[in-house]
Structure formats: C-alpha cells, structure tokens
Amino acid sequence: MHNLKANYEKILEVLREISPENLLPYQRRIPKLSDLELVGLALTSEYMGIDSENHFFRMLPDCLHSRIERSVYNRRRRKLFPYLEEIRTQLCSRLNEFEDYFIVDSMPLEVCKLSRSSRSKICKKELYTRPDKGYCASQQANYYGYKLHATCSVKGVFQSIDISPASVHDINYLDDIKHQLSDCVLIGDRGYLSAEYQLNLFESCTIQLETPMRKNQKQYKEQPYIFKKSRKRIETLFSQLCDQFMIRRNYAKTFQGFKTRILAKISAMTIVQYINRFVFNRNINNIKISIV
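All of these numbers come straight from a predicted model, not from anything done at the bench.

1. As for the packing of aromatic side chains
Counted under the stated rule, the structure contains seven aromatic pairs. Three or more aromatic residues joined by ring pairs make a cluster, and in this case those are Phe-56, Phe-57 and Tyr-73.

Written out as structure tokens, the structure reads:
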C-alpha cells in the first residue's frame, strides 16, 4: 500500500480499460504527462491518504516528477473535473449493474470553524457557490460549509453525488434524483419524509421512496428491519471517506478546488472497489487493502 509507483501503475491500468489517454478536447501543446496519467496520479494520492501536494510530489519517482510541475498539475486537475466524473460514472455503472435498491443520505463538509466563518475567504469568490451555516442532526451541531448529498447501492457503491450549501434541506436533493435514477426503491431517513415528494418520484420515474414514519403520524407503520439495516451501508461509506480518505480535511481556497478534491476522494474509493471486484474477485468494501 505504501509503494506509490506500483499503486499508480495498477490504477492507471484500470483507467486505460475504460478511457482514452487524452481527455481534454484541445491542448495547445501536447503535455509530457497525459490527461489519464494525471488522473491516475490524483487517484493514487487519495487512495494512499496523501492529502498534501507538496509531500506527494516529494514522494514521486523521478520518471514522473520530471514530467510535470506541481502548479501545472493542480491547474490541469481542476480542468479535468468533468472527465473524472465521467470515469467515476463508468466505474459505478458496471459495479451497480442490475441494482434496483439504493440509499440516499447526506453528510456535512466543514470548510472552517464556525467562529471563523465571518472573516473566512474560503470559496467566497462566486456568490452562488459560497458556503453557509447549517445544522447536522446526527451530530446535533451547527457548522459552516457545504453538504454532500449521495446515493449508493445496497452493495456500497456511490451512484450519484452532489454538493450544496449547508443550509439546503436534504429533501431538495430528491429533485435531482429524478434525473439520475428510475424504476428502483430508494431508502432514506426521516429527513426525506414527504408524501408529496414520494408521490412525485413514483409518478415521474417509478421510484418507490421508503422512509421511516414518525410515531405520531396517522396510520403509523414501523419500517421493515431489512430497510433499517440496509440504510447503515451509506453511513459506513461516509465513515470510510472521513477515516481513510480524510474528506473533512480542507486545504482548497476556491470552490473549484474544493469540489475537485471531494470528487477525487470518492473516485479513488470507487476505483479500489472496482479493482477488488473485477481484478481480485474479493469483497469490494475492503478499502484498506493492497491493490498490487
């Protein structure tokens, strides 16, 4: 797991099976390091838990270090954001093939402490992407930043993700899900409880929304145990993102850099799951494991 070059070559081998080398449609000069090789480097650093670019470039072998500068690497990685999302989508579409049960949830992404929010300049360049204050019910605490919305399969593979300001309610993400899923069962917590949204999802794209009812509701019925147990899968994924991939550590100053880091961490988790399933034929959720 600590052999950077071997991990990079394994990840790049998988990427070459699903994507061409050059992703950007136009580049004035042909770079020494191809777009796909740069994506491979980004995913390798996230898989190995190296969240400092300075440290990562000190660890790079000479054969890679001589082909790109750190500032160029950072700029090109941000430009490759939409292509990285396409690669992640291709990976999860194969992992989630024939899946018809999905789980939806959200987690807080703090950009700085609440006491520093008034003077912080992080991600405030554009008005529509600014972070704000929100409340996390599971932690019973206020925070300043964003909220990661996600759906995953029962097997534990992220299907779709989105980022919103912290004040946006979880239920608004269901409007986006209508364009991403269909003909399936969607399991959520009480934050997604709404008869109106439940009917809308079913009529528009045949999504059956399953949420636990409140005990003071009329015709109260307890949620089946299998749904309660399945919902813990996405909480485990969030814990893995916080532990191994350190998703709550933020060194980005712009929203473009922030969302690129988040996507790289989730894509790194997905490609490790892909390698576990299709290369080694083992449990896909053994994330802390060697891939070489």
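Additional details are given in the paragraphs that follow.
2. Quick notes on the pattern of salt bridges
By the definition in use, this model includes 16 salt bridges. Taking the shortest distance from any N to any O, the salt bridge between Glu-222 and Lys-228 comes out at 2.9 Å. On the basis of relative accessibility, which here comes to 52%, the residue Glu-222 falls in the exposed class. Residue Lys-228 is classed as partly exposed on the basis of its relative accessible area, which comes to 30%. Several salt bridges converge on common partners, so that one network encompasses Arg-16, Glu-21, Glu-37 and Arg-67.

3. A look at the layout of surface pockets
Reported here for the largest pocket is a volume of approximately 530 Å³. The wall of the largest pocket is formed by 23 residues, among which Asp-105, Ser-106, Cys-136, Ala-137 and Ser-138 lie closest to the centre. For the lining of the largest pocket, the secondary structure elements donating two or more residues are strand S1 (101–112), strand S2 (132–136), strand S3 (141–153) and helix H9 (225–243). Its residues placed into classes, the lining of the largest pocket shows nine nonpolar, seven polar and seven charged.

4. Looking at helix H8 (residues 195–205)
Listed in full, the buried residues belonging to H8 are Tyr-197, Leu-201 and Cys-205. Buried positions in H8, seen along its axis, are confined to an arc of 40° and lie on one side of it. Turned more than 90 degrees away from the buried face of H8, the exposed residues are Ala-195, Glu-196 and Glu-203. Buried residues belonging to H8 abut helix H7 (174–177) and strand S6 (207–210).

5. Some words on the nonpolar core
Counting residues in each nonpolar core, the largest one holds 72 residues, and the members touching the most others are Leu-148, Phe-158 and Phe-258. It is helix H10 (residues 255–278) that contributes the most residues to this core, twelve residues altogether. If sequence neighbours within four positions are ignored, Phe-158 has contacts with Arg-88, Cys-92, Asn-96, Ala-150, Thr-151, Cys-152, Ile-234, Leu-237, Phe-238, Leu-241, Ile-266 and Met-269. Counting 15 residues, the second-largest nonpolar core is a separate cluster that includes Leu-174, Leu-186, Tyr-192 and Ile-207.

Here is what the cut-offs are and how they apply
Residues numbered from 1 in each chain as written. Predicted model: local features only at pLDDT ≥ 70, side-chain atom pairs only at ≥ 80, totals over all residues. Heavy atoms only, no water. Phe/Tyr/Trp six-rings, centres within 6.5 Å; stacked < 30°, edge-to-face > 60°. Salt bridge = Lys/Arg side-chain N within 4 Å of Asp/Glu carboxyl O. Buried < 20%, exposed > 50% of the residue type's maximum accessible area, 1.4 Å probe, protein only. 1 Å grid on protein atoms, 1.4 Å probe; cavity = no way out; pocket = protein on both sides within 12 Å on 5 of 7 lines; lining within 4 Å. Points joined across faces, edges and corners; volume = space filled by probe spheres on them. Helix = DSSP H or I, 4+ residues; strand = E, 2+ residues; numbered from the N terminus. Nonpolar A, V, L, I, M, F, W, Y, C, P; charged D, E, K, R; others polar. Arc of directions from axis to C-beta. Contact = heavy atoms within 4.5 Å. Core = buried A, V, L, I, M, F, W, Y, C linked by side-chain atoms within 4.5 Å.

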